[in-house]
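Listed below, chain by chain, are the residues.
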Amino acid sequence: MTAPLLSLRGISKSYGQIRANQGIDLDVAPQSIHAILGENGAGKSTLMKLIYGVEQPDVGTVVWDGEPLSVASPAEARRKGIGMVFQHFSLFETLTVVENIQLVVPGRKADLTQRIRTLGRDFGLEVDPLAHVHPLSVGERQRVEIIRCLMTNPKLLILDEPTSVLPPQSVDKLFDTLRRLRDGGVSILFISHKLEEIRAICDRATILRGGRVTGHVDPREYDAHDLARMMIGRDMPEPMPALPQSGGEKRLEIIGLDYQPDDPFAVPLSDISLTVRAGEILGIAGISGNGQSELAALISGEAVLPREQRDRIYMMGKDVGRLDAAARRLLGFAFVPEDRHGRGAVPEMSLVLNSLLTAHPLNLIRHGLVNKTKATAFTNACILQYDVRTPGPEAEAGALSGGNLQKFIVGRETMLSPKLLFVAQPTWGVDIGAASAIRRRLITLRNEGMAILVISEELEELFELCDSIQVLHHGTLSPPLVTQATRPEEIGRYMIGAHTASQTADRKALP
Amino acid sequence: MSAFSAAFLPTLVRRERASLAATLLAPPVALAAATVVNLELYVLMGRDPVAVAYAMLLEPFLSWASFSEVLLKIGPLLLIAQGLAIGFRAKVFNIGAEGQFILGAIFASAIPVWFPQATGQWIWPVMLLLGTLGGALWASLTAFWRVRLNANEILVSLMLSLVAAQFLNYLLLGPWKDPNGFNFPQSVMFQYDAMVPILISGTRVNVSLLLTIALSIAAWIFMQKSFIGYKLQVGGLAPRAASYAGFNEGWAIWLSLLIGGCAAGLAGAAEVAGPLGQLQRSISTGYGYAAIIVAYLGGLHPIGIIVSALCMAVLYIGGDNAMVSANLPIAAVRVFQGSLLLAYLVAVAFVRYRLEWRRAAYRSQP
Ligand SMILES: Nc1ncnc2c1ncn2[C@@H]1O[C@H](COP(=O)(O)OP(=O)(O)OP(=O)(O)O)[C@@H](O)[C@H]1O
Ligand SMILES: [Mg+2]
């Protein structure tokens, strides 16, 4: 075997009581795509941060290209030829895409703009280089992060869940890109919870559990089921069957909504119509950046409609277009946003205080003061029911691993027992065991009569969850397609807009 | 080339986590550093540093008369800083407490100026209320511009302080000038009932100190326990989480500014109805700005602010002492305040970041 490009020996890292990494040994061969597998909180991101110099290991040695290495900072790691795309993005929201890239990649703005366009086209990672970052969806931000990393020409590329919010077409293109990079001499460390992806692209895999390495395997020799078992240490639960339901009352109705956002880079919505009934799950498919964030904000009440727009959005039978988020929640609405840090949760606050964010109407406030006992009890219940791996309710939300924070937020919102639940990217970054638990829970809630709206880029997830699916493309929504009578390819065609002509024909055909 | 710059220019690197000990240590370390730097400055100016240090840092505690003056100074600093800190936690930067303080003083003075003959124990409480109202009204101008037109509250409140100072001048040179005051720019002396009762006889410390302590406790409950305080903090830490939860941003801005304005206005009223006993130009001595330093030095925490207000008050009184006994110029206290804030900002930066000299990078260059 050739000498490894990177080799770790006995790496350990603790955060206070939590031993995130313990005695990790890992060799990354040259020209290899190496997967790191593990449950939420297994310590994958921590290990990557140690390699990239974001954090320093407590003990252990790193050998890079045959020489001992200690990286004190990411800037230094980049100089050595290590690049990383974080699980949680690190873009400046007030700058444009190209300005963000300029912070890391030297070069003139005009040249960079051109390079971003060409790279984007070649690699299937199109973004507008001149757009500001703040209106971009998480999917688009991920594309920016990946492009930025590629532009530094790394020898070792670390990708922490790069495909979690990329649509299937982009994933295919990304994989082509990664294979090309590998053949050109780059090694890649790849983290993903999607085992099929790992089997498709990785030639080696290291499995972590509870901060320790539990095995090195060649993922191509096992099927996804075996890998899942190695990862979570037990068999995967079966999906929950959806009970047949006859259409309940309308809990959410959007009628011919047109919306022109203030931000010139946000996507305008035109003629959006959809209905979600009690006991039904409606999915919205589509590549992010086609109006998902704008639609989500309009439904959640974070954006309100201009005064002239009346009778467009109804919740529980009330016109809510101009109600704010709090008023809509009072009607029985709950929402899991796509970005958990800084929107779904305040990273600097404890989980108890994060429960309060939306669960305060559950009697957690008395005489204007926070009822700490009840808030803690609520938080503990959420941690227990949704299997959130954390030292306790007083842990800061920002210290949870990505998937665990997602579980917490989903738990908090469903524990409000809303009439209408809206979930954007329900299982983003959640490991397969927990993801299937979340999906089972959503279907159970549906069976009990909750109305649920889901936005996801994962078609498989939508097919498992939804009664019907509508596709968002360029700010317009397809008619509802009954999931059981639809093939994924058909949805795929809508997603790239190939269906638009026949869609208008369909509409006209309706009485 | 890059090896050269990398070797000699240190960079700030964010720490994984700010340690609690470092956070708590930052203010005292800043205080110590500022003291050392300033004492050295006095040496350069040819003063005896021991004498200055004695006058500044010890003398305020040595006699009851001096210490009671410290207690007197704490009042306005503490009150304003508590109000401002609430806004700062919500990331609403009210820099114009000075103006709100002046308006509080003016509103409170309206009663004794217009009704110099009035008597009764109701007068001073009503004056304090009016002062509170005046400060709040002045702050509401800033809130209005910010919420309605998205005008930066730092600039608006700061500039409104200048307007307030001119308004005070106008009153004292014109309609409110004491007709028997030898043309000095000051109002009539207030009647007995327009003065806040003395708390400790033989000193100038009055009942407003009790009020200030009570309000500090209220501020602590508000920020640590109440739901409204929680909402303000969420708005400050993660504005998008606040709008996700449906906490109204405009409302938070109004509330933050009004709380700051009320506190500053009350402090202004307590000042004219307390140690001054009349409306004069010298009420505006920069309490509103010093309180910003107090608030940050206290870590924006109600308990920390009590400690930092005490330090700042000692600095004021000690500075006065040093002016007399060690012949220090009047600007010395301001310089001390400024360097204290600077030292604190540097200390806080080091709580969150560490310096890195890039040794590793240098060595590995071929
Ligand atoms: N900054 C931090 N402070 C305290 N604990 C932390 C911190 N970062 C991570 N941890 C803890 O370390 C453990 C490993 O976290 P890590 O983020 O590496 O998990 P992960 O394998 O990447 O999980 P996921 O799949 O959910 O992203 C978790 O228990 C987490 O709570
Ligand atoms: Mg992770």
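Residues numbered from 1 in each chain as written. Chains lettered and ligands numbered in written order. Predicted model: local features only at pLDDT ≥ 70, side-chain atom pairs only at ≥ 80, totals over all residues. Heavy atoms only, no water.

Asks: Could you clarify how one ought to interpret the overall build of chain A in this entry?
Replies: Counting its regular elements, chain A contains 17 helices and 23 strands. The C-alpha radius of gyration of chain A comes to 23 Å, within 12% of the 24 Å expected for a compact globule of 511 residues. For the C-alpha atoms alone, the extent of chain A along its principal axes is close to 70 × 55 × 40 Å. Expressed as a percentage of the 511 residues in chain A, the buried residues total 57%. In chain A, once contacts between residues fewer than 6 apart in sequence are set aside, the share between residues at least 24 apart is 67%. Of the roughly 20400 Å² of accessible surface on chain A, a fraction of 52% belongs to carbon and sulfur atoms. In chain A, 56 side chains carry a positive charge and 61 a negative one; their mean positions are 3 Å apart. (Helix = DSSP H or I, 4+ residues; strand = E, 2+ residues; numbered from the N terminus. Rg over C-alpha atoms; globule rule 2.2 N^0.38 Å. Buried < 20%, exposed > 50% of the residue type's maximum accessible area, 1.4 Å probe, protein only. Contact = heavy atoms within 4.5 Å. Areas by Shrake-Rupley, 256 points an atom, 1.4 Å probe, with all protein chains shown as cover. Lys, Arg positive; Asp, Glu negative; His and termini not counted. Charge placed at Lys NZ, Arg CZ, Asp CG, Glu CD.)

Asks: When you look at the site of ligand 1 in this model, what are you seeing that I'm missing?
Replies: Lining the immediate surroundings of ligand 1 are 20 residues, of which Gly41(A), Ser45(A), Thr46(A), Ser401(A) and Gly403(A) lie closest. Bordering ligand 1 are residues originating from chains A and B. Between an oxygen atom of ligand 1 and a side-chain N or O atom of Asn40(A), the distance comes to 2.9 Å. In isolation ligand 1 has 630 Å² of accessible area, and contact with the protein removes 89% of it. (Near = heavy atom within 4 Å. Polar contact = N/O pair within 3.5 Å; in protein donor to acceptor, adjacent residues only side chain to side chain.)

Asks: When you look at the interface of chain A and chain B in this model, what are you seeing that I'm missing?
Replies: Many structure descriptions define interface size as the accessible area lost when the parts assemble. The interface is formed by 41 residues belonging to chain A together with 24 residues belonging to chain B. By the criterion of area lost to chain B, the three top residues of chain A are Arg79(A), Met349(A) and Leu357(A), representing 18% of everything that side buries. Between the two partners, chain A and chain B, sit one salt bridge. Contributions of two or more residues to the side of chain A that touches chain B are made by β1 (6–15), α2 (74–80), α10 (325–330), α11 (351–359), β18 (369–370) and α13 (402–414) of chain A. Among the elements that take part in the side of chain A that touches chain B, α11(A) stands out by supplying five residues, more than any other. Residues belonging to the side of chain A that touches chain B are distributed by class as follows: 17 nonpolar, ten polar and 14 charged. (Buried area = accessible area lost by both parts, 1.4 Å probe. Salt bridge = Lys/Arg side-chain N within 4 Å of Asp/Glu carboxyl O. Nonpolar A, V, L, I, M, F, W, Y, C, P; charged D, E, K, R; others polar.)

Asks: I keep staring at the confidence of the model for chain B and nothing clicks. Help me out?
Replies: Detailed reading of the predicted coordinates is not advisable wherever pLDDT is low. Residues and elements named next belong to chain B. In this model, chain B carries an average pLDDT of 87, and 93% of its residues clear a pLDDT of 70 or more. Scored below 50 in pLDDT, residues 1–7 makes six contacts in the model with residues more than four places away or belonging to other chains. Prediction confidence for the complex, expressed as pTM and ipTM, is 0.83 and 0.81 respectively. (pLDDT = per-residue confidence, 0-100.)

Asks: Explain the packing of helix α12 (residues 287–297) of chain B against helix α13 (residues 302–325) of chain B to me, please; I cannot follow it from the model alone.
Replies: What describes two packed helices is the angle between their axes and the distance between those same axes. Residue and element names in this part refer to chain B. For the pair α12 and α13, the least separation of the axes is 8 Å and the interaxial angle reads 135°. Classified by the angle between their axes, α12 and α13 sit oblique to one another. α13 is crossed by α12, and the crossing has right-handed handedness. Residues Tyr 287, Ala 290, Ile 293, Val 294, Ala 295 and Leu 297 of α12 touch α13, and the partners they reach there are Ile 305, Ser 308, Ala 309, Met 312 and Tyr 316. Here the residues of the contact of α12 with α13 sort into ten nonpolar, one polar and no charged. (Axes fitted to C-alpha atoms, helices over the stretch in contact; angles between N-to-C directions. Parallel < 35°, antiparallel > 145°, perpendicular 65-115°, else oblique. Left-handed = near helix turned anticlockwise from the far one by under 90°.)

Asks: I'm lost on the pattern of salt bridges in this one. Help?
Replies: Pairing is possible between side chains that carry opposite charge, provided their charged atoms lie close to one another. Residue and element names in this part refer to chain A. Applying the stated criterion across every chain, the model contains 28 salt bridges over all chains. Across the salt bridge formed by Glu 145 and Arg 148, the nearest N and O atoms sit 3.6 Å from each other. With Glu 145 and Arg 148 both in helix α5 (residues 138–150), this residue pair falls three residues apart, about one helical turn. Of the two residues, Glu 145 and Arg 148, neither departs from the other in class, the shared state being buried.

Asks: It is not clear to me how the environment of Thr483(A) should be interpreted in this structure. Could you clarify?
Replies: Residue and element names in this part refer to chain A. The residue Thr 483 is located in the loop between β23 (481–482) and α16 (488–495) in this model. The spatial distance from the C-alpha of Thr 483 to the C-alpha of Gly 248 is 18 Å, given a sequence separation of 235 residues. Not counting chain neighbours up to four residues away, the residues in contact with Thr 483 comprise Phe 463, Cys 466, Asp 467, Ser 468 and Ile 469. At a separation of 2.9 Å, a polar atom in the side chain of Thr 483 contacts the main-chain carbonyl oxygen of Asp 467.

Asks: In this structure, what is going on with the packing of aromatic side chains? I would like to understand it.
Replies: Aromatic ring pairs: the centre-centre distance and the angle between the two ring planes describe each pair. Residues and elements named next belong to chain B. Taken as a whole, this structure holds 16 aromatic pairs over all chains when the rule is applied. Between Phe 227 and Tyr 230 the ring centres are 5.8 Å apart and the planes differ by 15°, which places this aromatic pair in the stacked class. Residue Phe 227 and its partner Tyr 230 are located together in helix α9 (residues 227–237), separated by three residues, close to a single helical turn. The class of Phe 227 is buried, set by a relative accessible area of 8%. Look at Tyr 230 and you get buried, because its relative accessible area is 4%. For the pair Tyr 230 and Phe 247, a centre-to-centre distance of 6.4 Å together with 75° between the ring planes defines the contact as edge-to-face. One end of the pair, Tyr 230, is in helix α9; the other, Phe 247, is in the loop between α10 (239–245) and α11 (249–276), and 17 residues separate them in sequence. Phe 247 sits in the buried class, given a relative accessible area of 9%. (Phe/Tyr/Trp six-rings, centres within 6.5 Å; stacked < 30°, edge-to-face > 60°.)

Asks: Please clarify how a nonpolar patch on the surface should be interpreted in this entry.
Replies: Residues and elements named next belong to chain B. Residues Leu 12, Leu 342, Val 346, Phe 350 and Leu 355 make up a contiguous nonpolar surface patch of roughly 450 Å² in combined accessible area. In terms of residues, the nonpolar patch owes the most to one element, helix α14 (residues 331–352), which gives three residues. Here Phe 350 is to be found in helix α14. (Patch = residues over 30% accessible without salt bridge, like charges linked within 9 Å, V, L, I, M, F, W, Y side chains within 5 Å.)

Asks: Looking at this structure, how should I read the sheet that holds strand β6 (residues 82–85) of chain A?
Replies: For sheets, the rule is that strands pair by backbone hydrogen bonds, running either parallel or antiparallel. All names here are of chain A. Strand order in this open sheet of six strands is β6-β7-β8-β3-β9-β10, and the pairing throughout is mixed. This sheet does not close on itself; its edge strands, each paired only once, are β6 and β10 (212–217). Sheet twist, expressed as the average angle between the axes of neighbouring strands with direction ignored, equals 20°. As paired elements, strand β3 (residues 33–38) and strand β8 (residues 187–191) share four bridges and run parallel to each other. By the bridge assignment for β8, Ile 36 is matched with Ile 191. The sheet contacts of helix α1 (residues 44–52) involve β3, β6, β7 (156–160), β8 and β9 (204–209), and relative to β6 the element is tilted by about 145°. Against the sheet, α5 touches β6 and β7, its axis set at about 175° to β6. (Pairing = 2+ DSSP bridges.)

Asks: Help me understand the domain arrangement of chain A in this model?
Replies: All names here are of chain A. According to the domain assignment, chain A contains domain 1 (6–232), domain 2 (250–332 + 418–505) and domain 3 (350–413). On a C-alpha basis, the centroid separation for the pair domain 1 and domain 3 is 30 Å. If you look at the interface, domain 1 gives six residues, while domain 3 gives seven residues. Viewed at the interface, domain 3 and domain 1 are joined by one salt bridge. Residues Arg 389 and Glu 39 are paired through a salt bridge, measuring 3.4 Å at the closest nitrogen-oxygen approach. At the junction of domain 1 with domain 3, the criterion picks out two residue pairs in polar contact (both at pLDDT 80 or more). Here the residues of the side of domain 1 that touches domain 3 are counted per class, giving one nonpolar, four polar and one charged. (Domains from an automatic or database assignment.)

Asks: How should I be thinking about the pairing of β3(A) in this particular structure?
Replies: Across a regular strand the side chains alternate sides, sitting on one face of the sheet and then on the other. Taking burial as the measure, the six residues of β3(A) include six buried ones, the bulk of the element. A two-sided burial pattern is seen for β3(A), the buried positions comprising Ile33(A), Ala35(A) and Leu37(A) on one face and His34(A), Ile36(A) and Gly38(A) on the other.

Asks: Before we go on, may I ask you to explain the environment of Pro129(A) in this structure?
Replies: All names here are of chain A. Position of Pro 129 relative to the elements: it lies in the loop between α4 (109–123) and α5. A C-alpha to C-alpha distance of 8.5 Å links Pro 129 and Glu 99, two positions 30 residues apart in sequence. Those residues in contact with Pro 129, other than ones at most four positions away along the chain, are Thr 96, Val 97, Val 98, Thr 113, Ile 116 and Arg 117.

Asks: Quick question: what am I supposed to make of the pairing of β6(A) here?
Replies: Residue and element names in this part refer to chain A. Covered by surrounding structure in β6 are Ile 82 and Met 84 together with Gly 83 and Val 85, the residues of both alternating faces. In this structure, β6 lies alongside β7, joined through four bridges in parallel fashion. Pairing of Met 84 across the sheet is with Ile 158, part of β7.

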